[in-house]
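What follows is each chain in one-letter form.
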Amino acid sequence: MAGVSKGTVDRVLHKRGKVSKNAFEKVDKVLKEIDYKPNPIARNLKRNKTYSIHVLLPDPNKDPYWIPANEGVIEASNQFTPFGILIRKYFYDPAEKSSFMEQSEEAIRSRPDVLLMAPIFESESQVVLGQCCEAKIPVVLFNNHINCFKEQIFIGQDLKQSGRVAASLMEKIIGKNDGIAIIHINKEPHMQSKENGFVEFFKEKSDRNHIMVSKTFNSAEKNRFSHEVSLFIKNNPEINAFFVTNSKAYMLVEAFQALKKDDAVIIGYDLLKPNIKYLGQGDIKFLIHQKPKRQAFLSVNYLAEHFLFGKSLPPHEFLPIDVITTENAHYYL
């Protein structure tokens, strides 16, 4: 179309070698007329370049919350592996800090192009981020963020805002002076952000006078957990509203059932089967959906498109905060 050789076109496209002004103008004119855009996938295949994404996340066999996240990674892997995106997963025990460190060290040792990480241990995650910085391995976080590394890319919900959403829901279904407990079961760093948003919301309500208590439980031993819940209820009879900051609201319901306490107002997170069951029965009033599958898929998707198409990575990507009720739960299953 330009009346020049393929070699001349190649030199113009790739800005290499010498091209006369006349030939350049001819090629440039045609490129603009046909709105030429290079095919980045074809370029990548021609270079025979592969990119490695190592994913560090809690073992879904240890905590069912992470099953959808693993499914999201698998779905993205199936989509992008044919184009030279190699994804390798490293599962760690969410109850063992040593497991997290061992798996992270193995992931870093393999020198990936990027480490995609779902951190739940604050100080250990800081160590891993420091190691990646020294090794010049970029890090993307999803689901949880680490406060002292704000420059890291984060994909997930605005955790503080999700706490505010929970508080707004709670405000609508309890009395003006009812006591509220913020319940952390196996506390992780992100739960504090949710608590901060929850408390902040009520501080802004001058017409409200709630007694508010924050309590952390460990679920490792079921009998001990039930006993500690029982003591908490006995020592705080004025509290009847509970905000559970993670996916384990069902554990609180089951502890209350053993105590024959059936008047509690509970708001929690995530579409685990027992949570959905108790939502349907009215034992849980609302669930906030954190979309772990979507978080994981988007994280891999953004990285793959960055490598293949040169797309820039967003500094953060906040997913919508969906409120799940008995009436709309089936749309999410």
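Now for a description of the structure that goes with this document. (Residues numbered from 1 in each chain as written. Predicted model: local features only at pLDDT ≥ 70, side-chain atom pairs only at ≥ 80, totals over all residues. Heavy atoms only, no water.)

### Remarks on the sheet that holds strand β3 (residues 114-117)
Across the sheet, which stays open at both edges, the six strands sit in the order β2-β1-β3-β4-β5-β11 with parallel pairing between neighbours. Strands with a single pairing partner mark the edges of an open sheet, and in this sheet they are β2 (85-92) and β11 (316-318). Each neighbouring strand pair of the sheet contributes to a mean axis angle of 20°, computed without reference to strand direction. On top of the sheet, helix α6 (residues 122-134) reaches β3 and β4 (139-142); it is set at about 170° to β3, its chief contact. (Pairing = 2+ DSSP bridges. Helix = DSSP H or I, 4+ residues; strand = E, 2+ residues; numbered from the N terminus. Axes fitted to C-alpha atoms, helices over the stretch in contact; angles between N-to-C directions. Contact = heavy atoms within 4.5 Å.)

### Section: the pattern of salt bridges
Summed over all chains, the structure comprises 15 salt bridges. Residue Lys248 pairs with Asp63 through a salt bridge whose shortest N-O separation is 3.7 Å. Highlighted residues: Lys248 in the loop between β8 (239-244) and α10 (249-258) and Asp63 in the loop between β1 (51-58) and α4 (67-80), separated in sequence by 185 residues. Asp63 matches Lys248 in its accessibility class, with the two residues each being buried. The salt bridge partner of Glu106 is Arg88, with a shortest N-O separation of 3.4 Å. Note that Glu106 is positioned in helix α5 (residues 97-109) and Arg88 in strand β2, a separation of 18 residues in sequence. In this structure, a network of salt bridges that share partners links the residues Lys160, Arg164, Glu200 and Glu204. (Salt bridge = Lys/Arg side-chain N within 4 Å of Asp/Glu carboxyl O. Buried < 20%, exposed > 50% of the residue type's maximum accessible area, 1.4 Å probe, protein only.)

### A short note on the side chain of Asn70
Of note, Asn70 is situated in helix α4. Look past the residues within four positions of Asn70 in its chain and what remains in contact with it is Leu57, Pro60, Lys89 and Phe91.

### Some thoughts on the pairing of strand β6 (residues 179-185)
For β6, the tally of buried residues reaches seven of seven residues, placing the bulk of the element in the interior. Of the two faces of β6, both are covered, the one formed by Gly179, Ala181, Ile183 and Ile185 as well as the one formed by Ile180, Ile182 and His184. Strand direction decides the pairing type here: β6 and β8, joined by five bridges, are parallel. Its bridge partner lying in β8, Ile183 is registered against Val244. Bridge count for β6 against strand β7 (residues 212-217) is six bridges, and the pairing is parallel. Considered in β7, the bridge of His184 is made with Thr216. Following the chain from β6 across helix α8 (residues 189-203) to the adjacent parallel β7, one finds a crossover that is right-handed. (Right-handed = clockwise from strand over helix to strand, strands pointing away.)

### Some details on the packing of aromatic side chains
For the structure shown, the criterion picks out 14 aromatic pairs. Residues Tyr92 and Phe100 carry aromatic rings whose centres are separated by 4.8 Å and whose planes lie at 75° to one another, so their mutual orientation is edge-to-face. Here Tyr92 matches Phe100 in class, with each residue buried. Residues Phe243 and Tyr269 carry aromatic rings whose centres are separated by 5.9 Å and whose planes lie at 45° to one another, so their mutual orientation is tilted. Of this pair, Phe243 sits in strand β8 while Tyr269 sits in strand β9 (residues 265-269); the two residues are 26 residues apart in sequence, bridging distant segments of the chain. Across this residue pair, the class does not change: Phe243 and Tyr269 are buried. Ring pairing ties together the aromatic residues Phe198, Phe201, Phe202, Phe243 and Tyr269, which thus form one cluster. Here Lys194 stacks its cationic end above the ring of Tyr269, 3.8 Å away from the centre of that ring. Its guanidinium or amino end placed over the ring of Phe256, Lys261 lies 5.9 Å from that ring's centre, counting from NZ or CZ. (Phe/Tyr/Trp six-rings, centres within 6.5 Å; stacked < 30°, edge-to-face > 60°. Lys NZ or Arg CZ within 6 Å of the ring centre and 35° of its normal.)

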